[in-house]
Amino acid sequence: MTNGFFITFEGGEGVGKTTQIAQLCERLKQKGQDVVQTREPGGTPHAEKIRGLLSDPELGHSWNPQAEVMLISAGRAMHVDHLIRPSLMGGKTVVCDRFTDSTWVYQGIVQKQPEAFIDILIEHATDDVIPDLTFILDLPAEEGLKRVRERGIRDHYDEQDEEFYEQVRQGFLTIAGKYAERCVIIDAMREPGEIADEIERIALEHMNRV
Ligand code: TMP
């Protein structure tokens, strides 16, 4: 339905998504591609306001899971409508830090929201905009936790214990198995340059196929 290419990055806290997204966007731009770098929650003015509500220092901790997933979905509906879909229709490459797989893992697997509830929110928020390629950056829970503690806590997910990190890791591995046609697991224990080379190679291979 679109001419562009939609790449998402997923994984637990501390896996190095920010570095790898910046690397891939830079490399694709150097190859002459028109790249839109974005993130969830957020990505457009309305959705960034919602992100602010979710990470509000006073209230961010106390949204109940139902409200949280509806806020995330409201932001996503605006993000898809105002940025992702128009960019793809314009032939651009969209690189997004987190998308629907994070909702299945954090709200579905961790917060145990019913699958049917999440599915319907995702269906209506995305309106059939599905990633062409998803990189799942994978790290042992202990290593993710160590890296987050070294860089400093930024939101309520960062403060969790190793058991949470392990649950998130296993959640993403399950998603990678379920959506194997678009998900690629990346071993994030290696040097950032080596990881970036692998991600660039895989991205270009997939783009050449469509
Ligand atoms: P970030 O730290 O990667 O920017 O992500 C912000 C947090 O938002 C992260 O801890 C996971 C959470 N999140 C969800 O719980 N559900 C979602 O659908 C998305 C996109 C993010």
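That block above? That's the structure.
Residues numbered from 1 in each chain as written. Predicted model: local features only at pLDDT ≥ 70, side-chain atom pairs only at ≥ 80, totals over all residues. Heavy atoms only, no water.

J.: Explanation requested: the overall build of the chain in the structure shown.
T.: Helices and strands together make up the secondary structure of the chain, namely 8 helices and 5 strands. A compact globule built from 210 residues would reach a C-alpha radius of gyration of about 17 Å, and the chain, at 16 Å, matches this within 12%. The proportion of buried residues among the 210 residues of the chain is 49%. Across the chain, the fraction of contacts at a sequence separation of at least 24, relative to all contacts at a separation of at least 6, is 78%. Carbon and sulfur atoms make up 51% of the accessible area of the chain, which totals about 10,400 Å². Computed over 23 positive and 37 negative side-chain charges, the inter-centroid distance for the chain is 4 Å. (Helix = DSSP H or I, 4+ residues; strand = E, 2+ residues; numbered from the N terminus. Rg over C-alpha atoms; globule rule 2.2 N^0.38 Å. Buried < 20%, exposed > 50% of the residue type's maximum accessible area, 1.4 Å probe, protein only. Contact = heavy atoms within 4.5 Å. Areas by Shrake-Rupley, 256 points an atom, 1.4 Å probe, with all protein chains shown as cover. Lys, Arg positive; Asp, Glu negative; His and termini not counted. Charge placed at Lys NZ, Arg CZ, Asp CG, Glu CD.)

J.: Even after reading the chapter, I still don't get the pairing of strand β1 (residues 5–11), so can you show me in this structure?
T.: It is a general feature of regular strands that their side chains alternate between the two faces of the sheet. Of all 7 residues in β1, 7 are buried, a share of seventy percent or more. Burial of the side chains of β1 extends over both faces: F5, I7, F9 and G11 are buried on one face and F6, T8 and E10 on the other. Here β1 runs beside strand β3 (residues 93–97); their pairing, made up of 5 bridges, is parallel. Opposite T8, over in β3, you have C96 as the bridge partner. Looking at chain direction, β1 and strand β4 (residues 133–138) are connected through 5 bridges and run parallel. The residue bridging I7 from the neighbouring strand is L133, located in β4. (Pairing = 2+ DSSP bridges.)

J.: Just checking my understanding: could you explain the environment of E191 for this structure?
T.: The residue E191 is located in the loop between β5 (183–187) and α8 (192–209) in this model. Taking C-alpha positions, E191 is 30 Å from I130, a pair spaced 61 residues apart along the chain.

J.: Got a minute to help me understand the side chain of T103 in this structure?
T.: With respect to the helices and strands, T103 occurs in helix α4 (residues 100–110). Not counting chain neighbours up to four residues away, the residues in contact with T103 comprise V69, I72, R76, G108, I118 and I122.

J.: What am I meant to see in the environment of K146 here?
T.: Structurally, K146 is set in helix α6 (residues 141–151). C-alpha of K146 to C-alpha of T18: the two residues are 128 residues apart in sequence and 17 Å apart in space.

J.: Can you walk me through the nonpolar core in this structure?
T.: With 22 residues, the main nonpolar core has I7, F9, L24, F135, L137, I186 and I199 as its most contacted residues. When contributions to this core are tallied by element, the ones reaching two or more residues are β1, α1 (17–30), β4, β5 and α8. With 5 residues, α8 is the single largest residue contributor to this core. If we skip the residues at most four places from it in the chain, I186 touches F135, I136, L137, D138, I195, E198, I199 and I202. With 18 residues, the next largest nonpolar core counts W104, I122, I175 and A176 among its residues. (Core = buried A, V, L, I, M, F, W, Y, C linked by side-chain atoms within 4.5 Å.)

J.: Sorry if this is basic, but what is going on with the layout of surface pockets here?
T.: Unfilled space is identified by rolling a water-sized probe across the atoms. One number sums up the size of the second largest pocket: a volume of about 210 Å³. Contributions of two or more residues to the lining of the second largest pocket are made by α4 and α5 (115–126). Sort the elements by how many residues they give to the lining of the second largest pocket and α5 lands first, with 4 residues. For the lining of the second largest pocket, the residue count by class is 7 nonpolar, 2 polar and 5 charged. (1 Å grid on protein atoms, 1.4 Å probe; cavity = no way out; pocket = protein on both sides within 12 Å on 5 of 7 lines; lining within 4 Å. Points joined across faces, edges and corners; volume = space filled by probe spheres on them. Nonpolar A, V, L, I, M, F, W, Y, C, P; charged D, E, K, R; others polar.)

J.: What is the right way to look at the sheet that holds β1 in this model?
T.: Backbone hydrogen bonds hold the strands of a sheet together, and the pairing may be parallel or antiparallel. Strand order in this open sheet of 5 strands is β2-β3-β1-β4-β5, and the pairing throughout is parallel. Looking at strand neighbours, the two that pair on one side only are β2 (35–39) and β5, the edges of this open sheet. Strand-to-strand twist in this sheet, taken as the mean axis angle between neighbours without regard to direction, amounts to 20°. Of the pairings in the sheet, the one linking β4 to β5 comprises 5 bridges and is parallel in character. Looking at β5, one finds that D138 is bridged to D187. (Axes fitted to C-alpha atoms, helices over the stretch in contact; angles between N-to-C directions.)

On their own, these measurements won't tell you what the molecule is for.
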